[in-house]
Structures are given as structure tokens and as C-alpha cells.
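One letter stands for each residue in the lines below.
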Amino acid sequence: MSDLSFGGNKHSAVISSSGERLDTHPSLTPPLPLPDGSQILPVLRWPAVRDRAVLFQLSGAEPGAVFSISQSGTVVGRAATSDIVVQDGAVSWEHAVLTVKSDGVYVEDLRSLNGTFVNDQRIERAARLTDGDLLRIGGSNTIFKFSLMGEFEEGVLRNLFALTLRDALTHLFNQRHFEERLRGEISLAVRQNATCSLLLIDIDGFKDMNSHFGHQVGDAVLRVVAGTLLTLVRADDLLARLDGGKFAAVLHGTSTRNALILCERVCHRVSAISLEPSIHGLSLTVSAGLASFGSEEYGESADELLSRARQASREAHASGGNRARVASHSST
């Protein structure tokens, strides 16, 4: 069978040599015969309803993200309460608002310090957006494209963006998303006067395991350990795979004591994993490092918290593995 596009609002329908029609849209012109006896039929492509107003992020912290514009209004800003949060110092807490009116979608600057720009022109009053307009927020490098699209197209874009946040092997969140979320969780803990615990999990001897048993076995181990970890964390916790045989869990609102209990459960459950009879002579253990963020560490950055957790994980591994260690408090 063959396929041929006729451009415009048409696409091809194929009729096999047996006479079976493979597209039920109405034809526009007589069939075009092919040497193998099949036929090509130009047919009408019904235009999709483009009733969804969205912002598609082109640059910034989350390129590829898709945000729906609500009928009740969509606020863009640095505040956690904003509908679209832009973590950038050049963006005001409540920077701009998008509203849906009877004649289209409008964007209005909310007296921000650095302004709102449509197609590189700073707006002084509410401006009506047209399909394809570029929206820049303040002096940041965050640029959105305003688009009108159908439900199917929006769903495809959302699914594609979701894939960029996931590790292809384990389907956990990837390191890039983990680092972004960790910074957000620390900011949230400070605002809420809450605790946040970071758990780093390292499969003991993973590099040697790959060398001895091969990368296919190593990949299987990563998937099994990832599945085990998913059964132990809460649905609202962030679980990610980092590089090599390392994983991380961000536990919002979890004290050091409760996070340590989880660490010990992780060690116990992983050590109980059996890969027999598929893989002989392989036992699994992990070293876990725990660092918590609370009132004593409110001046600590995400990198500093991560450094403390890594040090605790190394200490657990140096002590023989299959155990957890709690990081000491930051001296800053």
C-alpha cells in the first residue's frame, strides 16, 4: 500500500488491492490507481477544534512545559501561590495575569519591577494575544509562546514534556528535575516553617556489579530497586534516579527521626531482594545517607543539603554498607 498527501485540508486514504477501504472520510476526486493494483484516494481532513489557550514554555527552567490559561485568570510570578511559578530573581512575586474575555486572551502586567513583554515590546496596559505571540516575563530568560490548540495536541505536548522529567530506564524522575524540585522544597520549608528530609541511596558495589555481571543485569537491578523504593515512599514524596546506582528521595514535612525509620526500611527491603534463579550469586544492599532541613538549617542551600547527604552516604558505605547514616548539622 502507498500513501500520498495532497496538501491543504486533505490527506490520503488507501484502498488495498482487495478493495478494502482504510479511511472512511468522504472522497473528493476519483481514485488514483497505482501499479500494484491499490488506489490512493484524496479525502477531507476535518479541522480540529482549537479551543484551548495555552502557554508553551520555550526557555527558562522548564522548557517544553505546557500551562493552561484558566477562565478565572492565570497569574504568573515568583510566589508559590502563582498559577505559573517562575523561579527567577528578575520576576516579581505576582508579575502578570492572563485573562480570558469574550474576544480573546489578554495579558496584563501587575506593576512588576522589570515589566512584561509581548514580542519584545513592553506592554503598558492589557494586551490581546494572538496565536504565536511570544511572552517574556521581566528581565528573565523565561519565554512562553501563546498558542491556541485542540485537546489532542495539548495532550501530546504534555506527555512529551512529562517524558523529559523521567529517567528512561526506571521511569522515576531524573536528576535535572530532582535538583529543581529540591530547591523548591527548601523554599517551601522556609515559608511554612517546616522540615524537609533528603535521602540519598547508593547501591553497594554497583560499578563492580556491572563489570562482573554485565550492563543488562545492572539495568535489571536498577529497575528492581526503583520498584522497591516506590513501595516505601509516599505518593507526594519525590523519588528520583541520579547517576549510576544512586537514587534520591525528598520527603517534605518529615522529621529526621521518621526519615531515619524509612532509611532503615529501605536497607532491609533491598537486602531481601532475590534475583534467583535468573541471576546466581548476586546479593543487593544499599548505603543510605540522610540530611534534614529545619529551623537550624534555614540558611542552607540545596547544594549544601545535598553535600551533607552525600557525605552521610559515603560514611555508610565506608562502614560496610547495608546501613544508614544521618548527616551532622551544617556549621553555616
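Quantities reported herein were computed from a predicted structural model and do not represent experimental measurements.

Caption draft 1: Main features of the packing of aromatic side chains. Overall, the coordinates contain one aromatic pair when judged by the stated rule. Ring centres of Phe 67 and Phe 144 lie 5.9 Å apart, and the angle between their planes is 80°; this geometry places the pair in the edge-to-face category. Of this pair, Phe 67 sits in strand 5 (residues 66-68) while Phe 144 is found in strand 14 (residues 143-149), placing the two residues 77 residues apart along the sequence. Accessibility assignment for this pair places Phe 67 and Phe 144 in one class, buried. One residue, Arg 78, lies across the ring of Trp 93, its end atom 4.5 Å from the ring centre. For Arg 136, the ring lying beneath its charged end belongs to Phe 117, and the centroid distance is 4.2 Å.

Caption draft 2: Representation of the pattern of salt bridges. In this structure the tally under the stated criterion is 11 salt bridges. For the salt bridge of Lys 246 with Asp 202, the shortest nitrogen-to-oxygen distance reads 3.8 Å. With Lys 246 in strand 17 (residues 246-252) and Asp 202 in strand 15 (residues 196-203), this pair connects stretches of sequence that are 44 residues apart. A residue is classified by how much of its surface remains accessible, and Lys 246, at 34% relative accessible area, is partly exposed. Arg 234 is the partner of Asp 236 in a salt bridge, and the nearest nitrogen-oxygen pair spans 3.8 Å. Here the salt bridges share partners, and the residues they tie into one network are Arg 52, Glu 151, Glu 154 and Arg 158.

Caption draft 3: Structural detail: the confidence of the model for the chain. Mean pLDDT over the chain stands at 84; residues scoring 70 or higher make up 83%. With pLDDT under 50 throughout, residues 1-29 is counted as low confidence; its partners more than four residues away or in other chains account for 74 contacts.

Caption draft 4: Molecular detail of unusual backbone geometry. Non-glycine residue Asp 120 carries a positive phi angle of around 70°. Examined against the element boundaries, Asp 120 turns out to sit in the loop between strand 10 (116-118) and strand 11 (121-122). For Asn 322, which is not glycine, the phi torsion reads 55° and is therefore positive. Note on placement: Asn 322 falls in the loop between helix 6 (302-318) and strand 19 (323-326).

Caption draft 5: A look at the nonpolar core. Ranked by size, the top nonpolar core spans 44 residues in total, and within it Leu 55, Leu 98, Val 107, Phe 178 and Leu 198 carry the most contacts. Sort the elements by how many residues they give to this core and helix 6 lands first, with five residues. With sequence-adjacent residues up to four places away left out, Leu 198 is seen in contact with Phe 178, Leu 182, Ala 249, Val 250, Gly 289, Leu 290, Ala 291, Leu 305, Leu 306 and Ala 309. The next biggest cluster of nonpolar side chains, apart from the first, holds 33 residues, and it includes Leu 172, Ala 249, Leu 275 and Ala 324.

Caption draft 6: Representation of the packing of helix 3 (residues 206-213) against helix 4 (residues 215-230) within the structure. For the pair helix 3 and helix 4, interaxial distance at closest approach is 6 Å and the crossing angle is 135°. With respect to helix 4, the element helix 3 is oriented oblique. Contacts between helix 3 and helix 4 involve Phe 206, Met 209, Asn 210 and Phe 213 from the first element and His 215, Val 217, Gly 218, Val 221 and Leu 222 from the second. Looking at the contact of helix 3 with helix 4 residue by residue, the class counts come to six nonpolar, three polar and no charged.

Definitions and limits used
- Residues numbered from 1 in each chain as written.
- Predicted model: local features only at pLDDT ≥ 70, side-chain atom pairs only at ≥ 80, totals over all residues.
- Heavy atoms only, no water.
- Phe/Tyr/Trp six-rings, centres within 6.5 Å; stacked < 30°, edge-to-face > 60°.
- Helix = DSSP H or I, 4+ residues; strand = E, 2+ residues; numbered from the N terminus.
- Buried < 20%, exposed > 50% of the residue type's maximum accessible area, 1.4 Å probe, protein only.
- Lys NZ or Arg CZ within 6 Å of the ring centre and 35° of its normal.
- Salt bridge = Lys/Arg side-chain N within 4 Å of Asp/Glu carboxyl O.
- pLDDT = per-residue confidence, 0-100.
- Contact = heavy atoms within 4.5 Å.
- Core = buried A, V, L, I, M, F, W, Y, C linked by side-chain atoms within 4.5 Å.
- Axes fitted to C-alpha atoms, helices over the stretch in contact; angles between N-to-C directions.
- Parallel < 35°, antiparallel > 145°, perpendicular 65-115°, else oblique.
- Nonpolar A, V, L, I, M, F, W, Y, C, P; charged D, E, K, R; others polar.

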